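# Structural features, examined
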Amino acid sequence: MISKKNLLDFLWDVVNEKPEALATRSVAAKEKNKYWKADEWIYIKDTEVALKMLLKDLKKANLTFAGSISGVILDGTGEEFFSRSEWALEKIKECRSNMRLISNPD
Amino acid sequence: MVNLVIKDIAGQTYELTGRSSAPRASAAKRYSGDAYSTFRFVATLPLASDQWVQILKSTQHYLPNFDSSNPAEVRQAVAQAIMRGDLTLYQLPSLNISHGIKGKKGFGLSIIKGPNPHSATELTPEAISSTDAAQQLLNDLGISTQAFLGYLTNENIFNGEQKKNPLSEALQLLASGELLAYKIPLPSKTPPAKAVEYVAAASADKPVPLAPESNAKPEQPKKEPVEKIKSSKIDDIPVDVSNVRETTTADGKRIHYFKQEDVKVKKLYGGDEYFFYVEHEDEILELAYTTVDVDESSLEFYINNQFNDNVLMKPEGFGITGEVLSQSIDLYADDHGAPPMHLNGVIIKKNLSNFQKEYNDIRVASPNLNEDEIAVEAVKNISFGRERTKLGYSDISVSATGKKEVLVDGKTLSDVPTKVYIKAKRVGENK
């Protein structure tokens, strides 16, 4: 399984619709337990959706986040970029909580 | 004598009777609540103050002094009349497929208690004179024994668990008229083979409807048609049901109402995930994701009515969970030749909180049950379990771990599971 850091950066690329990430996401959907444990899909999906909502929120505000999303979620680096929106901070918290629950290595 | 049928803005119907009248429908369930909840409930009914005043006067019982031009005082007087028993409200079952069993030929069945039929429908119950005729009806609609019995249990109108021959007894109830079956047309949908495309996970892709494309503009809050209360006894009470539905929640979220035919689905990742959503103007409003595990013959769901910031998704006349589960099962069956064997999944968020509350309550109420039994009972009591049971996935087992203290709705629950994995296996035919 991939690390939590790589997983978050990968999912951020997926929600940003980067072609390479989308192709890998298709593979991940088929390859059970390779990218995440199959029975932990809900936490992955919840994270993916939270990131998608985070991106929607930024787009509505005409903002672009150029930092590392895994840094924001795993150690709070750059979190202040999102502090204008309580909704965004809530989504970050949800991602953080999911990362604590999944079996992917740190 | 008061005997009225009231239809609220969500389509739910009620019978309102006076002290000496019984409800006309056998399936009517009496409303009961404390004074405050009754007042709140009355406030949800779409009757104007002057209409309530006429109803109160027609009860010919004692009326307290109240200002008939003040809606709150009028509702208070109505609530008091209900508490005294001068008026009684009965909820009528919904005759739609969300509360029925889906059949395979464009129809489903909604079954209610008889012998007196539903008092607020133009549908007539199926004429069933024998158990053979009852069985024939199920056969004609392609409804399995398991789905039939599971539905009756779920609707709380027949429990076959302790019966020697539950099917025979249930069919007998239909033949004797103690249960009445209504044939309900299923909402039309485009055949999945044509309607569903394999698409990449890009939000810009063209959506694929589950129902025929509509030429209508994206949904706006619509005015309901004005209806009149049906009354067999006092026809001189005109009651307009105008559109008074809420457009925002108490905490300021926009409520987005949508209909069954507005729900669309895309297959993602070559059919390994299904994505359910509703379109609104240029926006995609997410509803649910389903992941497909062909090896395990299982579907898992992620359903949420609050995906988007400040928007609450509200279905009209159907349930999101039931719809997503049914549509996903149909898509899976079309792709893989049979419905999935399992609807498994981990519960999170509201589902998890509901489970934890139930778990805590059952543990207190039934100290003789072991942990596994408590967990299974708790799952059966939450919508996650109920919806699965309704669809025939009633063999439920639970792995509940990570016990700790949690806060649910302001209440501290000690030593309840925080990681809950549920297996729901299909029982009955077509294994």
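Our structure's up above, just so we're on the same page.
In short, a report on the structure. These figures come from a predicted structure and were not determined experimentally.

Cut-offs and rules
- Residues numbered from 1 in each chain as written.
- Chains lettered and ligands numbered in written order.
- Predicted model: local features only at pLDDT ≥ 70, side-chain atom pairs only at ≥ 80, totals over all residues.
- Heavy atoms only, no water.
- Helix = DSSP H or I, 4+ residues; strand = E, 2+ residues; numbered from the N terminus.
- Buried < 20%, exposed > 50% of the residue type's maximum accessible area, 1.4 Å probe, protein only.
- Contact = heavy atoms within 4.5 Å.
- Areas by Shrake-Rupley, 256 points an atom, 1.4 Å probe, with all protein chains shown as cover.
- Phe/Tyr/Trp six-rings, centres within 6.5 Å; stacked < 30°, edge-to-face > 60°.
- 1 Å grid on protein atoms, 1.4 Å probe; cavity = no way out; pocket = protein on both sides within 12 Å on 5 of 7 lines; lining within 4 Å.
- Points joined across faces, edges and corners; volume = space filled by probe spheres on them.
- Salt bridge = Lys/Arg side-chain N within 4 Å of Asp/Glu carboxyl O.
- Nonpolar A, V, L, I, M, F, W, Y, C, P; charged D, E, K, R; others polar.
- Buried area = accessible area lost by both parts, 1.4 Å probe.
- Polar contact = N/O pair within 3.5 Å; in protein donor to acceptor, adjacent residues only side chain to side chain.
- Pairing = 2+ DSSP bridges.
- Axes fitted to C-alpha atoms, helices over the stretch in contact; angles between N-to-C directions.

### Things to note about the overall build of chain B
From N to C terminus, chain B includes 11 helices and 20 strands. For chain B, with 431 residues in total, the buried portion stands at 48%. Look at the contacts in chain B between residues 6 or more apart in sequence, and 64% of them connect residues 24 or more apart. As displayed, chain B has an accessible area near 20800 Å², and 48% of this comes from carbon and sulfur atoms.

### Things to note about the packing of aromatic side chains
In this description, a pair of aromatic rings is defined by centroid distance and the angle of the planes. Tallying each qualifying case throughout the model produces 12 aromatic pairs over all chains. An angle of 45 degrees between the planes, with centres 5.3 Å apart, marks the rings of A:Phe65 and A:Phe81 as tilted. A residue pair is termed long-range when its members are at least 10 positions apart, and A:Phe65 in the loop between α3 (41-60) and α4 (69-75) and A:Phe81 in the loop between α4 and α5 (86-101) qualify at 16 residues. Taking 4.7 Å as the distance between ring centres and 10 degrees as the angle between the ring planes, the aromatic pair formed by B:Phe275 and B:Tyr289 counts as stacked.

### Some points on empty space enclosed by the protein
Applying the stated criterion across every chain, the model contains 1 cavity of 30 Å³ or more. What the largest cavity holds in volume is close to 50 Å³. Taken together, A:Met53, A:Lys56, A:Asp57, A:Lys60, A:Trp87, B:Asn308 and B:Asp309 make up the full set of residues lining the largest cavity. Ranked by residue count, the leading element in the lining of the largest cavity is α3(A), at 4 residues.

### Here we look at the pattern of salt bridges
What the rule picks out here adds up to 26 salt bridges over all chains. Put simply, B:Lys419 and A:Glu40 hold a salt bridge, and the shortest N to O gap is 3.4 Å. On the criterion of chain membership, the pair formed by B:Lys419 in strand β20 (residues 419-425) and A:Glu40 in the loop between α2 (19-30) and α3 is interchain, its members lying in two chains. Across the pair A:Arg84 and A:Asp57 runs a salt bridge, and its minimum N-O distance is 3.3 Å. A residue pair is termed long-range when its members are at least 10 positions apart, and A:Arg84 in the loop between α4 and α5 and A:Asp57 in helix α3 qualify at 27 residues. Given a relative accessible area of 9%, A:Asp57 falls into the buried group. Through salt bridges with shared partners, a single network forms among A:Arg25, A:Lys45, A:Glu48 and B:Glu273.

### Considering the layout of surface pockets
Considering only enclosed or pocket space, the second largest pocket measures out at about 730 Å³ in volume. Where the lining of the second largest pocket is concerned, the elements lending two or more residues are α3 and α5 of chain A together with α9 (349-365) and β18 (404-408) of chain B. Examining the composition of the lining of the second largest pocket, we find that 7 residues originate from one element, α5(A), more than from any other. Each residue belonging to the lining of the second largest pocket can be placed in one class, and the counts come to 8 nonpolar, 5 polar and 9 charged.

### Comments concerning helix α2 (residues 49-58) of chain B
Since the α-helix turns once every 3.6 residues, residues separated by three or four places project in the same direction. Counting buried residues in α2(B) gives 7 out of 10 residues, a clear majority hidden from the surface. Within α2(B), the full set of buried residues consists of B:Ser49, B:Gln51, B:Trp52, B:Val53, B:Ile55, B:Leu56 and B:Ser58.

### Notes on the interface of chain A and chain B
A common way to express how large an interface is: the accessible area buried when the components associate. Contact with chain A, which involves 26 residues of that partner, is made by 30 residues of chain B. Buried surface at the junction of chain A and chain B, summed over both partners, amounts to about 2400 Å²; 52% is from carbon and sulfur atoms. It is A:Trp41, A:Ile42 and A:Trp87 that lose the most area in chain A upon contact with chain B, and together they represent 24% of the buried surface on that side. Across the pair B:Lys349 and A:Asp46 runs a salt bridge, and its minimum N-O distance is 2.8 Å. Run the count over chain A and chain B and you get 16 residue pairs in polar contact (both at pLDDT 80 or more). Of all elements in the fold, only α2, α3 and α5 of chain A reach the threshold of two or more residues within the side of chain A that touches chain B. Looking at the side of chain A that touches chain B element by element, the count peaks at 12 residues for α3(A).

### Observations concerning the sheet that holds strand β6 (residues 107-113) of chain B
All names here are of chain B. Spatially, 3 strands are ordered β5-β6-β7 in an open sheet, and the strand pairing comes out antiparallel. The open sheet terminates on both sides in strands that have one partner only, identified here as β5 (101-102) and β7 (179-185). Sheet topology places β5 next to β6; 2 bridges connect them, and they run antiparallel. Looking across to β6, one finds that Ile101 is bridged to Leu109. Packing of helix α4 (residues 131-141) onto the sheet brings it into contact with β6 and β7, and relative to β6 it is tilted by some 145 degrees.

### Considering unusual backbone geometry
Residues and elements named next belong to chain B. Across the junction of Gly114 and Pro115, the peptide omega takes the value 5 degrees, indicating a cis bond. Of note in the backbone geometry, Ser297 takes a positive phi value of approximately 50 degrees without being a glycine. Structurally, the position occupied by Ser297 is in the loop between β13 (283-293) and β14 (298-303). For Ser297, a relative accessible area of 15% translates into the label buried. In the Ramachandran plot, Asp409 falls in the positive-phi region, its phi being about 50 degrees despite a non-glycine side chain. You can see Asp409 is positioned in the loop between β18 and β19 (411-416).

### Description of the side chain of B:Ser110
Among the secondary structure elements, B:Ser110 is positioned in strand β6. Filtering out sequence-adjacent residues up to four positions away, B:Ser110 remains in contact with B:Ser94, B:Leu95, B:Asn96, B:His99, B:Gly100, B:Tyr151, B:Leu180, B:Ala181, B:Tyr182 and B:Ile184.

### Structural notes on the sheet that holds strand β17 (residues 395-401) of chain B
Residue and element names in this part refer to chain B. One open sheet accounts for 3 strands, arranged β16-β20-β17; its pairing is antiparallel. Strands at the two margins of the open sheet, each flanked by one partner only, are β16 (345-346) and β17. In terms of strand pairing, β16 meets β20 through 2 bridges, oriented antiparallel. When the sheet's bridge partners are listed, Val346 is paired in β20 with Tyr421. The sheet strands contacting helix α10 (residues 371-381) are β17 and β20, and the helix crosses β17 at an angle near 115 degrees.

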